[in-house]
Amino acid sequence: MSPPVAPPGWSRWLVPPAALSVHLSIGQAYAWSVFKPPLESALGLSGTQSALPFQLGIVMLGLSAAFGGTLVERKGPRWAMTVALICFSSGFLLSALGASLEQYWLIVFGYGFVGGIGLGIGYISPVSTLIKWFPDRPGMATGIAIMGFGGGALIASPWSAQMLESFGSDSSGIALAFLVHGLSYAVFMLLGVLLVRVPRDAPGARGTARQAPTGPRVSANQALRTPQFWCLWIVLCMNVTAGIGILEKAAPMITDFFADTSAPVSVTAAAGFVALLSAANMAGRIGWSSTSDLIGRKNIYRVYLGVGALMYALIALFGDSSKPLFVLCALVILSFYGGGFATVPAYLKDLFGTYQVGAIHGRLLTAWSTAGVLGPLIVNWIADRQEEAGRHGAALYGLSFVIMIGLLVVGFVANELIRPVDPRHHVPAPKEAARVERQQSESA
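Not measured: the values here are computed from a predicted model.

About the criteria used
Residues numbered from 1 in each chain as written. Predicted model: local features only at pLDDT ≥ 70, side-chain atom pairs only at ≥ 80, totals over all residues. Heavy atoms only, no water. Helix = DSSP H or I, 4+ residues; strand = E, 2+ residues; numbered from the N terminus. Rg over C-alpha atoms; globule rule 2.2 N^0.38 Å. Buried < 20%, exposed > 50% of the residue type's maximum accessible area, 1.4 Å probe, protein only. Contact = heavy atoms within 4.5 Å. Areas by Shrake-Rupley, 256 points an atom, 1.4 Å probe, with all protein chains shown as cover. Lys, Arg positive; Asp, Glu negative; His and termini not counted. Charge placed at Lys NZ, Arg CZ, Asp CG, Glu CD. Phe/Tyr/Trp six-rings, centres within 6.5 Å; stacked < 30°, edge-to-face > 60°. Expected span 1.5 Å × (residues − 1). Bend = angle between axes of the 7 residues up to and from the residue. Polar contact = N/O pair within 3.5 Å; in protein donor to acceptor, adjacent residues only side chain to side chain. Axes fitted to C-alpha atoms, helices over the stretch in contact; angles between N-to-C directions. Parallel < 35°, antiparallel > 145°, perpendicular 65-115°, else oblique. Left-handed = near helix turned anticlockwise from the far one by under 90°. Patch = residues over 30% accessible without salt bridge, like charges linked within 9 Å, V, L, I, M, F, W, Y side chains within 5 Å. Salt bridge = Lys/Arg side-chain N within 4 Å of Asp/Glu carboxyl O. Disulfide = S-S within 2.5 Å. pLDDT = per-residue confidence, 0-100.

Engineer: Looking at this model, I keep getting lost on the overall build of the protein chain. Mind explaining?
Structural biologist: Helix and strand content of the protein chain: 19 helices and zero strands. Whereas a compact globule of 444 residues would reach a radius of gyration of roughly 22 Å, the protein chain reaches 22 Å, a difference of no more than 12%. By its C-alpha atoms, the protein chain is 80 × 45 × 35 Å across when sized along the principal axes. The burial tally for the protein chain puts 56% of its 444 residues in the buried class. Long-range pairs, those at least 24 residues apart, make up 85% of the contacts in the protein chain with a sequence separation of at least 6. Only carbon and sulfur atoms are counted for the fraction: they give 66% of the accessible area of the protein chain, which is about 17000 Å². Charge-centre separation for the protein chain: the mean point of 28 positive side chains lies 14 Å from the mean point of 21 negative side chains.

Engineer: How do you make sense of the environment of I146 when you look at a structure like this?
Structural biologist: Residue placement: I146 occurs in helix α8 (residues 138-167). Under the relative-accessibility criterion, I146 is labelled buried at 1%. The sequence separation of I146 and F336 amounts to 190 residues, and the corresponding C-alpha distance is 13 Å. If near-sequence neighbours (up to four positions away) are discounted, I146 is found in contact with H23, Y123, V127, R285, F341, A342 and P345.

Engineer: Quick question: what am I supposed to make of the packing of aromatic side chains here?
Structural biologist: For any pair of aromatic rings, the description consists of the separation of the ring centres together with the inter-plane angle of the planes. Here the structure, examined in full by the defined rule, presents 31 aromatic pairs. Centroid distance F88 to Y185: 5.8 Å. Interplanar angle 55°. Geometry classified as tilted. Taken together, the residues F88 in helix α5 (residues 77-101) and Y185 in helix α9 (residues 171-195) connect sequence positions 97 residues apart. With respect to burial, F88 and Y185 carry one shared label: buried. Ring centres of Y337 and F341 lie 5.0 Å apart, and the angle between their planes is 85°; on these two criteria the pair is classed as edge-to-face. Separated by four residues within a single helix, Y337 and F341 lie in helix α15 (residues 323-352), roughly one turn from each other.

Engineer: Before we go on, may I ask you to explain α15 in this structure?
Structural biologist: Counting along an α-helix, one turn takes 3.6 residues, and residues three or four places apart therefore face a common direction. For α15, spanning 30 residues, the distance from its first C-alpha to its last is 43 Å, which sits close to the expected 44 Å at 1.5 Å a residue. Largest kink in α15: about 35°, centred on T343, with the proline P345 one to four residues after it. By the criterion of burial, α15 is predominantly enclosed, with 22 of the 30 residues buried. One side-chain oxygen of the residue at the start of α15 lies 3.2 Å from the amide nitrogen of L325, identifying that residue as S322. Once α15 finishes, G353 follows within two positions and takes phi at roughly 80°, a positive value.

Engineer: How should I be thinking about the packing of helix α14 (residues 297-318) against helix α18 (residues 398-416) in this particular structure?
Structural biologist: Packed helix pairs are specified by the crossing angle of their axes together with the interaxial distance, meaning the distance between the axes. Between α14 and α18, whose axes approach to 9 Å, the crossing angle comes to 165°. Classified by the angle their axes make, α14 and α18 are roughly antiparallel. Here α14 runs over α18; the crossing is left-handed. Residues K298, Y301, R302, L305, G306, G308, A309, Y312, A313, I315 and A316 of α14 pack against F401, M404, I405, L408, G411, F412, N415 and E416 of α18.

Engineer: How should the side chain of S95 be read in this particular structure?
Structural biologist: With respect to the element layout, S95 can be found in helix α5. Among the residues examined, S95 registers a relative accessible area of 0% and is labelled buried. What S95 contacts, discounting residues up to four positions off in sequence, is L106, I107, G110, Y111 and F178.

Engineer: How should a nonpolar patch on the surface be read in this particular structure?
Structural biologist: Taken together, the side chains of L93, F167, L176, L179 and L183 make up a nonpolar region of the molecular surface, amounting to roughly 400 Å² of accessible area. A total of three residues in the nonpolar patch trace back to one element, the largest contributor, which is α9. Positionally, L93 belongs in helix α5.

Engineer: How should the state of the cysteines be read in this particular structure?
Structural biologist: Such a bond, covalent and formed between the sulfur atoms of two cysteines, is termed a disulfide. Across all of its chains, the model carries zero disulfides by this definition. Here C231 stays unpaired: no disulfide links it, and the sulfur of C237, its closest cysteine neighbor, is 13 Å away. The class for C231 is buried, based on a relative accessible area of 14%.

Engineer: Quick question: what am I supposed to make of the pattern of salt bridges here?
Structural biologist: Should their charged atoms come close, side chains of opposite charge can pair. According to the stated counting rule, one finds six salt bridges in the structure shown. Salt-bridge contacts for E416 lead to R302; the nearest nitrogen and oxygen are separated by 2.6 Å. Taken as a pair, E416 in helix α18 and R302 in helix α14 lie far apart in primary sequence, 114 residues in all. Taking the relative accessible area as the measure of exposure, E416 reaches 25% and is therefore partly exposed. Residue R385 is joined to E388 by a salt bridge in which the shortest nitrogen-to-oxygen separation is 2.8 Å. Taken together, the positions of R385 and E388, both in helix α17 (residues 366-388) and three residues apart, correspond to about one turn of that helix. Given a relative accessible area of 28%, R385 falls into the partly exposed group. Within the structure, one salt-bridge network assembled from shared partners comprises D293, R297 and D350.

Engineer: Looking at this structure, I do not really get α9. What am I missing?
Structural biologist: For α9, built from 25 residues, the straight-helix expectation of 36 Å at 1.5 Å per residue is met to within 8% by its first-to-last C-alpha distance of 37 Å. All of the buried residues along α9 are S171, G173, I174, A175, A177, F178, H181, G182, Y185, M189, G192 and V193.

Engineer: How should the environment of Y337 be read in this particular structure?
Structural biologist: A residue is classified by how much of its surface remains accessible, and Y337, at 1% relative accessible area, is buried. Between the C-alpha atoms of Y337 and G243, which are 94 residues apart in sequence, the distance is 5.3 Å.

Engineer: What should I look at first to understand the confidence of the model for the protein chain in this one?
Structural biologist: Caution applies to low-pLDDT parts of the model: their predicted coordinates are not meant to be read in detail. Overall, the predicted model of the protein chain reaches an average pLDDT of 85, with 92% of residues at or above 70. Note on residues 202-212: pLDDT under 50 across the span, and 15 contacts to partners over four residues away in sequence or across chains.

The structure is reproduced here in structure tokens:
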């Protein structure tokens, strides 16, 4: 499947909607917490066990993005979006079968392994294409698309809750909800497959705002040899761990925090909280990434990591005494979480250039895989242990939040260590390489 080249007169503003159709679909992953309580009740699972499909999905997202990044660069966005459609939808269909048969391993395999491959390939499918279409505003461009991944749960959370209410929260109801998800997302993602285009090489096409690539040119393999890549890997991993720890357990967490108060949180309100977090995640992706075009990538990550640590401290100290404070701090943390994802492709472009930015981005997403295990594991494991010790309410999460503050401080330090990439890691531009080769042959 060759990449479809935009015809003369094609507007670059048609490309973000194509990316959004895929990212809004795969963003359903952020609504997984809505399925946790029904699965725990229907299949007798612990909180740690019910997090496995989500955790494996994020692990496979990072791994498939890392190993498939170069392939996506070579085969183009339409091929990548097609693979994402097949894997993501198939994951839901397998999960539906697993729920129907009450075989939890099949849900883990379907949603986590197969669907996770769809997450990874789908996530990186439009990134390098968007940066090529919008070289003048890379933060905004990637923010628009990746905003969809953050906003997917804004649709999926209430939709899933309504289906579980209509179909029932037993195993057969969960199976039917998974089935509807798989078929619906296949149709929606197909719109992106049909619409996406890559820019023409010839300059002057309407709306393309093409310009000759400038700045560094670093290959994906060479990027792995630079300290900048690994510092940014730590930055992303710490930021994601802090955000995903709340997001994966959002519905049960807010219920636990205020269970012992005079105003407990209902199941419907908890689902609404998940939707609010998704809205903050989505808004942060476009808002903060666009801001990074103005104030710079390093400065915006100082905000994500420094202010994020402050928000966690406020929740740990005062969260259970004020519901508005808890919700506000969680919304800010999730906006930074989303903004970190949307800003990182532009940060990579600044450091390594556009030469193989999609492949480099794919390799960097292994940080997300690590965080996808760390965040839910820290929060769920500690909450389970605290519950076994007889604690309840906000006391289930205090230690987790202290750990998150420490991780954000580590990320802040790593961001401060990032400097421009040494020119020895650069790949010469074609004309420059030819000139150097000619000079070498003349001197010989």
